[in-house]
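# Observations on the model geometry
Spelled out from the first residue to the last, the chains are:
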Amino acid sequence: MTTTSEPPYGVMAGTIGDDVMTVHELVWVAGKQRPKCGDGAPDDRAEEWFRRVNCPYCLDDERAPAA
């Protein structure tokens, strides 16, 4: 039997660092899960969630504006 950690709709979603309200689409970068939009610091921890992505930059395939 094969199991998967991906949600039923096929997107890895999660939060970055202390922001638990913005749910990003997570992608693998250099062996670590990072938000698709590029948000967060390189050392921020990604937490995978079974929640829908709500980050407008991840949903629109855009990069977050520079801080």
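### Thoughts on the environment of Pro56
Summarising the element assignment, Pro56 is placed in helix H1 (residues 56–59). When its relative accessible area of 45% is taken as the criterion, Pro56 is described as partly exposed. Between the alpha carbons of Pro56 and Thr22 there is a distance of 9.2 Å; along the sequence they are 34 residues apart.

### Looking at the sheet that holds strand E4 (residues 46–49)
Read from one edge of the open sheet, 4 strands run E3-E2-E1-E4, paired in antiparallel fashion. The sheet is open, and its two edges are formed by strand E3 (32–35) and E4, each paired on a single side. Each strand axis lies, on average, 50° off the axis of its neighbour in the sheet, ignoring direction. Here 4 bridges tie strand E1 (residues 13–16) to E4, and the two strands are oriented antiparallel to one another. Bridge assignment links Gly14 to a residue of E4, and that residue is Glu48.

### Observations regarding the environment of Lys32
Among the secondary structure elements, Lys32 is positioned in strand E3. Residues Lys32 and Arg45, 13 residues apart in the sequence, show an inter-C-alpha distance of 9.1 Å. With residues up to four places along the chain from it excluded, the contact list for Lys32 reads Val27 and Pro42. A polar contact is formed between the side chain of Lys32 and the backbone oxygen of Pro42, at a distance of 3.3 Å.

Cut-off values and rules
Residues numbered from 1 in each chain as written. Predicted model: local features only at pLDDT ≥ 70, side-chain atom pairs only at ≥ 80, totals over all residues. Heavy atoms only, no water. Helix = DSSP H or I, 4+ residues; strand = E, 2+ residues; numbered from the N terminus. Buried < 20%, exposed > 50% of the residue type's maximum accessible area, 1.4 Å probe, protein only. Pairing = 2+ DSSP bridges. Axes fitted to C-alpha atoms, helices over the stretch in contact; angles between N-to-C directions. Contact = heavy atoms within 4.5 Å. Polar contact = N/O pair within 3.5 Å; in protein donor to acceptor, adjacent residues only side chain to side chain.

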